Amino acid sequence: MYAASVDRLITELSKLPGIGQRTAQRLAFHVLRVSEQDALALADAIREVKERVGLCEECFNLSEGPRCRICEDQRRDRTVICVVEEPADVIPIERTHEYRGVYHVLGGALSPIDGIDPEDLKITELVKRVTAGEVQEVVIATNPTTSGEATAFYIAEALREQNGDVSVTRLASGLPMGADLEYADEVTLGKALAGRRAL
Ligand SMILES: [Zn+2]
């Protein structure tokens, strides 16, 4: 219907989450309308983030260097590791200001139906971190969903097999069941952290 290049832009935009065909069209026309400078700033930002951002070699959070800002921060408490599914889950926990430990990002949750098995997540790396040193507590903050709960129990078992001394806790209930951590408000999440229980 449109010029091939416009069609291509619409196709690419419609691959973004929550963007349907009509919104993709509207965004594409917006891009065509704005100045070249503004449009290319978006293209450059996408290119730069893909070139510069990788995963932290310690916790697998997003990072511009070998280690993320949290792992680099000497004031963080290295005796506590908070385990989350995705890098986006670190942000709401940081916003509560209740947590001073470090993180471990799994890269998803167990879901056999979708073919996501333990070896697809950074679980071995977590066990290695915990057995290597000074860790006293692992707070499992996977989402309160079926796959998040399954992941929490799997990790608790794996850690217990390797190191009986480490305390494994889970965020207190109160988080809406089936919800994503990413969308939890600070107060609820802060309370869930403060009231964490042994798993
Ligand atoms: Zn890190």
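Residues numbered from 1 in each chain as written. Predicted model: local features only at pLDDT ≥ 70, side-chain atom pairs only at ≥ 80, totals over all residues. Heavy atoms only, no water.

Trainee: Whenever I open this one, the pattern of salt bridges confuses me. Can you help?
Mentor: If charged atoms from side chains of opposite charge come close, those side chains can pair. This structure, assessed with the given rule, holds twelve salt bridges. The salt bridge partner of Glu 58 is Arg 67, with a shortest N-O separation of 2.3 Å. A single network of salt bridges, built from pairs that share partners, joins Glu 58, Arg 67, Glu 72 and Arg 129. (Salt bridge = Lys/Arg side-chain N within 4 Å of Asp/Glu carboxyl O.)

Trainee: Before we go on, may I ask you to explain the pairing of strand E3 (residues 77-84) in this structure?
Mentor: Across a regular strand the side chains alternate sides, sitting on one face of the sheet and then on the other. With respect to burial, E3 is a largely interior element, seven of its eight residues being buried. Here E3 runs beside strand E4 (residues 101-105); their pairing, made up of five bridges, is parallel. Considered in E4, the bridge of Asp 77 is made with Gly 101. Across four bridges, E3 lies against strand E5 (residues 137-140) in parallel orientation. Counterpart to Val 83 in the pairing with E5 is Ile 140. (Buried < 20%, exposed > 50% of the residue type's maximum accessible area, 1.4 Å probe, protein only. Helix = DSSP H or I, 4+ residues; strand = E, 2+ residues; numbered from the N terminus. Pairing = 2+ DSSP bridges.)

Trainee: Just to check I follow, could you spell out the environment of Thr 169 for this structure?
Mentor: One can find Thr 169 in strand E6 (residues 167-170). Apart from residues no more than four positions distant in its own chain, Thr 169 is found in contact with Glu 137, Val 138, Val 139, Ile 140, Arg 196, Arg 197, Ala 198 and Leu 199. Within polar-contact distance, the side chain of Thr 169 engages the side chain of Glu 137 at 2.7 Å. (Contact = heavy atoms within 4.5 Å. Polar contact = N/O pair within 3.5 Å; in protein donor to acceptor, adjacent residues only side chain to side chain.)

Trainee: Would you mind showing me how to read the coordination of the zinc ion here?
Mentor: Ideal geometry at a metal centre: 109.5 degrees between donors when four sit tetrahedrally, and 90 or 180 degrees when six sit octahedrally. Note on the zinc ion: its protein donors are Cys 56 (SG), Cys 59 (SG), Cys 68 (SG) and Cys 71 (SG). The metal-donor distances range over 2.2 to 2.3 Å. Metal-centred angles of 104 to 118° between the four donor atoms at the zinc ion mark the site as tetrahedral. The sequence pattern formed by the donor residues of the zinc ion is C-x2-C-x8-C-x2-C. Side by side, Cys 68 and Cys 71 carry an identical accessibility label, which is buried. (Donors = N, O, S within 2.8 Å, 3.2 Å for Na, K, Ca; no water. Tetrahedral: all angles 85-135°; square planar, octahedral: opposite > 155°, others 65-115°.)

Trainee: What is the right way to look at the packing of helix H1 (residues 4-14) against helix H2 (residues 21-33) in this model?
Mentor: Packed helix pairs are characterised by how far apart their axes lie and by the angle those axes make with each other. Direction vectors running N to C along H1 and H2 enclose 125°, while the axes themselves pass 8 Å from each other. Our classification of the angle between H1 and H2 gives oblique. Regarding H1 and H2, the two cross each other, and that crossing is right-handed. In contact with Val 6, Leu 9, Ile 10, Leu 13 and Ser 14 of H1, H2 contributes Gln 21, Ala 24, Gln 25, Leu 27, Ala 28, Val 31 and Leu 32. Taken together, the residues of the contact of H1 with H2 break down into nine nonpolar, three polar and no charged. (Axes fitted to C-alpha atoms, helices over the stretch in contact; angles between N-to-C directions. Parallel < 35°, antiparallel > 145°, perpendicular 65-115°, else oblique. Left-handed = near helix turned anticlockwise from the far one by under 90°. Nonpolar A, V, L, I, M, F, W, Y, C, P; charged D, E, K, R; others polar.)

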